[in-house]
Each structure stands twice: as C-alpha cells, then as structure tokens.
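Close look at the chain arrangement
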Amino acid sequence: MTNISTIYKLSLVAVTCFIQACSSSSSSSCPVLECWFVQEKAGRGGGLTAATTQEKSLLYISTDANSHSSESQRAPSDISPDRVYFITDPAATLCHHSLSPPRGSIQKPQCEINPFLPQPSDLKWVAPLTDSAFSPVYLQADWFSAALHGINKERGISNIMRAPTATKEHNVILSVTSKTVSVQARLRKPVLLDCGFWVDPSSPLSGLGFAVEWRYQFRGNGRLVLAYDGKTDRLADTQEEGATLDIEGLHEKGNASLILQEAKVRHSGTYICTVYLPYLLAQVVLELEIVEPPSLSIHPSPLPLAVPGQTLTVQCEASGFAPLSLELSWEFKGADGKSRALGAGSVTGHRQAWDGTYSQSSRLELDTSKMDLGRGGELTCVAVHPGGTRRASTALSVIGFSTPSIEDSMAMVGVALVLYGLIKFVSWTFISSGSDEADKQDKKEK
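Conventions and cut-offs
- Residues numbered from 1 in each chain as written.
- Predicted model: local features only at pLDDT ≥ 70, side-chain atom pairs only at ≥ 80, totals over all residues.
- Heavy atoms only, no water.
- Helix = DSSP H or I, 4+ residues; strand = E, 2+ residues; numbered from the N terminus.
- Buried < 20%, exposed > 50% of the residue type's maximum accessible area, 1.4 Å probe, protein only.
- Lys, Arg positive; Asp, Glu negative; His and termini not counted.
- Salt bridge = Lys/Arg side-chain N within 4 Å of Asp/Glu carboxyl O.
- Polar contact = N/O pair within 3.5 Å; in protein donor to acceptor, adjacent residues only side chain to side chain.
- Contact = heavy atoms within 4.5 Å.
- Pairing = 2+ DSSP bridges.
- Axes fitted to C-alpha atoms, helices over the stretch in contact; angles between N-to-C directions.
- Disulfide = S-S within 2.5 Å.
- Patch = residues over 30% accessible without salt bridge, like charges linked within 9 Å, V, L, I, M, F, W, Y side chains within 5 Å.
- Areas by Shrake-Rupley, 256 points an atom, 1.4 Å probe, with all protein chains shown as cover.
- pLDDT = per-residue confidence, 0-100.
- Phe/Tyr/Trp six-rings, centres within 6.5 Å; stacked < 30°, edge-to-face > 60°.

Here the focus is the side chain of Arg162. Mapped onto the fold, Arg162 is located in strand β6 (residues 156–163). Of the side chains with opposite charge, Asp200 comes closest to the buried, unpaired Arg162, at an N-O distance of 8.5 Å. A distance of 3.0 Å separates the side chain of Arg162 from the backbone oxygen of Tyr138, its partner in a polar contact. With residues near it in sequence (within four places) discarded, Arg162 still touches Tyr138, Gln140, Ala141, Asp142, Trp143, Glu169, His170, Asn171 and Ile173.

A few words on the sheet that holds strand β20 (residues 327–334). Taken in spatial order, the 4 strands make up an open sheet running β21-β20-β25-β26, and their pairing is antiparallel. The strands lining the two open edges of the sheet, one partner per strand, are β21 (339–343) and β26 (388–397). The mean inter-strand angle of the sheet, taken between neighbouring strand axes irrespective of direction, is 25°.

With that settled, consider the state of the cysteines. Under the definition given, this model contains 4 disulfides. At a sulfur-sulfur separation of 2.0 Å, the disulfide partner of Cys316 is Cys381. Between Cys316 and Cys381 the disulfide shows an S-S torsion of about -80°. By sign, it is left-handed. Here the residue Cys316 occupies a position in strand β19 (residues 311–321), and Cys381 occupies one in strand β25 (residues 376–385), the gap between them amounting to 65 residues.

Together, Leu305, Val307 and Ile399 make up a nonpolar patch on the protein surface, roughly 250 Å² of accessible area in all. Assessed through its relative accessible area of 35%, Val307 is described here as partly exposed.

Bridging between strand β18 (residues 295–299) and β19 involves 5 bridges; their strand directions are antiparallel. The partner of Ser297 across the bridge, within β19, is Glu317. Bridge count for β19 against strand β24 (residues 358–367) is 9 bridges, and the pairing is antiparallel. Residue pairing in the sheet places Glu317 in a bridge with Ser361 of β24.

Right, let's get into the sheet that holds strand β8 (residues 182–185). Read from one edge of the open sheet, 6 strands run β8-β17-β16-β11-β12-β13, paired in mixed fashion. Across the chains shown, the open sheet's two edge strands, defined by having one partner strand only, are β8 and β13 (234–235). As paired elements, strand β12 (residues 221–229) and β13 share 2 bridges and run antiparallel to each other. If you follow Tyr228 over to β13, its bridge partner there is Leu235.

Below, the discussion takes up the confidence of the model for the chain. For the chain, per-residue confidence averages 83 on the pLDDT scale, and residues scoring 70 or more make up 80% of the total. Low confidence marks residues 1–27, where pLDDT is under 50. Its contacts with residues over four positions away, or in another chain, come to 1 contact.

Working definition: two side chains of opposite charge can pair if their charged atoms are close together. This model, assessed by the stated rule, comprises 9 salt bridges. Arg266 serves as the salt-bridge partner of Glu240, at 3.2 Å between the closest nitrogen and oxygen. With Glu240 in the loop between β13 and β14 (243–244) and Arg266 in the loop between β15 (258–260) and β16 (269–277), this pair connects stretches of sequence that are 26 residues apart. Arg266 sits in the partly exposed class, given a relative accessible area of 41%. Members of the salt-bridge network, linked through shared partners, are Arg223, Glu240 and Arg266.

Taken as a whole and assessed by the stated rule, the structure comprises 9 aromatic pairs. Ring centres of Phe197 and Phe210 lie 5.2 Å apart, and the angle between their planes is 50°; this geometry places the pair in the tilted category. Linking Phe197 in strand β10 (residues 196–199) with Phe210 in the loop between β10 and β11 (211–218), this pair joins segments that are 13 residues apart in sequence. With respect to class, Phe197 is no different from Phe210; both count as buried. Linked through ring pairs, Phe37, Tyr85 and Phe144 together constitute an aromatic cluster.

The omega torsion across His299 and Pro300 is -10°, close enough to zero to call that bond cis. Put simply, Ala322 and Pro323 share a cis peptide bond, and its omega is 0°. Of note in this structure, Asn152 is not a glycine but carries a positive phi near 60°. Among the structural elements, Asn152 can be located in the loop between β5 (142–149) and β6. Within the chain, Arg188 stands out as a residue other than glycine whose phi angle is a positive 65°. Looking at where Arg188 falls in the secondary structure, it is placed in the loop between β8 and β9 (191–193).

On to the side chain of His267. As for its placement among the helices and strands, His267 is situated in the loop between β15 and β16. On the accessibility criterion, His267 (4% relative accessible area) is buried. Beyond its immediate stretch of four places on either side in the chain, His267 contacts Tyr216, Arg223, Glu240, Leu260, Glu262, Leu288 and Ile290.

With that out of the way, let us pick up the environment of Trp198. If you trace the backbone, Trp198 turns up in strand β10. Each C-alpha atom, one on Trp198 and one on Val176, is 6.6 Å from the other, the two residues being 22 residues apart in sequence. Excluding its chain neighbours within four sequence positions, the residues that come into contact with Trp198 are Pro90, Ala91, Val172, Ile173, Leu174 and Ser175.

Structure follows, in structure tokens:
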C-alpha cells in the first residue's frame, strides 16, 4: 500500500513538472525581437519631408500578459531602457517560427515600429465605421504600429498595439498577416494572395465593423482592385473584373485573401492589403510575378539536306513568355554523341503580343565549309527563363561528306561484294546456257 501511495505521488509530481515544462515551452516559443523604433524628429516644419530618427528597441513577446513579470527588464548595453517593450499578443502572430531564426543564423527577421495616431478615414467604404457617436476615450493611450517580415519571405505581419499612457505594456489590438509575401504564378491560372486579420475581442473596437481594401502598384502607377465595407456588406463599385473575396470566410475567419480568377501579365506588381477598424488600420505588402516559360519552334523544320561548303540559315522563335528575362543559345550534337555550344546566334529585340507576353528569336548561320559538322547530327535551340529551361531540336544531315567513316567503308565493301557475286552468277548462267545450246546444235547436225 505504501508503494502504491509513493508511486501515485511520484506520478503527480511528474505530471506537474510536465505541465510546467509545456507551459514554459509555450511561453518561450515567442521570440524576443530586435526592432528599429522610427519616428519623425520633433520641431521640424515646412514643406520638405520631415527627418526621422532610428533607435534600437527590444520587444518581449508573450501570449499572456501575466507572463511578462518573469521577463528580465535589463536592456542590452546598446538599447535604451526606454525602448524596451512588453507585448501581449493573444493571437500569437508575433510568435511565428519565421521570426525566430536558428541560433547563429545570418538571416534575421525585419522589424520596425512607429508611433501611430488613431483617426477616422474619409474613404467611402471606411467612413461608415465612424459614423456612430463612438466615444474616443479608449483612443486616449499610446499607440504603435509594427511591421515585420519573417526570414525567407515566409510571412508578413502588421500590428496595431495599444498601451495605457506612459507605460510599456502593449496589447495587440489588430493584426494583419500574409503567408504569400512573394508569389509566382503561371499565366491564365487562378491566383490566391493571402491576407488575414485578427481583432482583440476584448477591445471596444471589436464588433463595430471593419473594411478591407486591396490596391495595386507598379512603377509608380496604382489602382484600386477591390474594396469591401464589412459594416454595410457592400463592395465598392470600382471592383476590378476577375478579382473576388471569400465574403463568408471574411466574416467568420478574418480571411481577407484576394482571388484573381485568371492571372494575366498585367497582374505582376505590388499588392497592398489594408484592413480598417474604426480609427485604426494595418496593412501588408505582397509581390506578385506572373512567370510563363516560352514556347520554342525551329524554322525551317525539317532542315533541308546540306552539302559541304553550303551555308544553312536556321531560326529559333521563342514566344508567349513573361517576364522579359530570356537567354537563347544553340547546341549541336554530332553523330559521335559529342555536344558543343554554337553560341547565341543573332538575337532580335523583344516583341510584345496582345496579351502582354513577349517573343524573341535567334538566327544561326551554319557554314559547313568552316564548321566541322561531320555527317550531321542534332541541332538544339535552348531557352533559359525564370519559368524554366526549354529546348527544341531538329535533325541536321550533311551529304557528300568527303572522308567516309569506317562504317561507310564497310558498307561500300559489302555492296561491292554483293555486286561482284551478282555479276559472277549472271555470267555463269549465261555461259552455262550457251554451252547447252551448242551441244544441241551439234546433235542436230549429226
């Protein structure tokens, strides 16, 4: 009985230790982030862009506000104690593994925090969020925005944080995240640009409505792709054709992802997903590149027979590719199985088709008097493109080759022997038949 009691007590101790270890592990899974605190210098005016200051800062992240008490508040020597913050993030968006690189890793996550000023928006799909007589007392606090990028472009995060005035304990109120910071897509295929958001359910702003906006930018030009007012359940009239949202998932799960039903070359560029709450906004930036490898064709095909001393012109056409980056070259594989490069030939400039894709061609001149092509072989056009390497081949035959190979010599000997045998057979047959006729004639005369 004593043994059973002892075992039971040991079991309880083991379970307790296991729970504590798991709790500690869960808490330690959130990283301590080094960020740049960026703000405008005070006292600057005029029409010029205000100068900014950058200071190193430290963010202690936790999913539970009570766990911050165990954190060491001693700042490193190169970080001011005023720039050490304690962030409570119940959604754990700041605890993602891409923000915690392995020890000794050269790659580091990017992090920047800025002071944030809550204010209403006059955009027609956002303005309804602040139409009601909402008391701004909750807004009288210290607000910051944080923009983060995980290593390997794995995740983009934008947070709005609130702290009671003159304190360093911030709560994440709004998080906007994306798992597709950099996307490559094939032409004419559907594309999903991921964007999700989370709102602190304990915040007075939760439940007062939201709005989502997608914008496109490329080389200084921008346009509105889609905007949705979640409070009145209305899409903006300027919605781009083929761009949609999962409205049900948007309300139930905070899934604000943009769906492009058919990727086109003009879709390549920068996309900005912005989520609005009353007086607040956060946004993530995504890069989309439409990558389509070229289709290759060789002209003329098949190639005409070439004779020694002749110059043969061959052209390779690469079409339907995007983006512009393309390298064309030629290879020749002889009958002996050996390959050699023939260079890029004469390459033309790019031509753009109606669908935005590009084409380019290379012309190669084969001078059989200067190039050792043997009895011919296989001629290949090679196109190296970000979408992959493509090849097109055609057979090349050279007739009248002056120096026959061993195989050709043996074949000629074989043909000569066959002809010699036929001649001998015919001659023997002729002689034999002539002798028979002579014998018959002699018998008649006798």
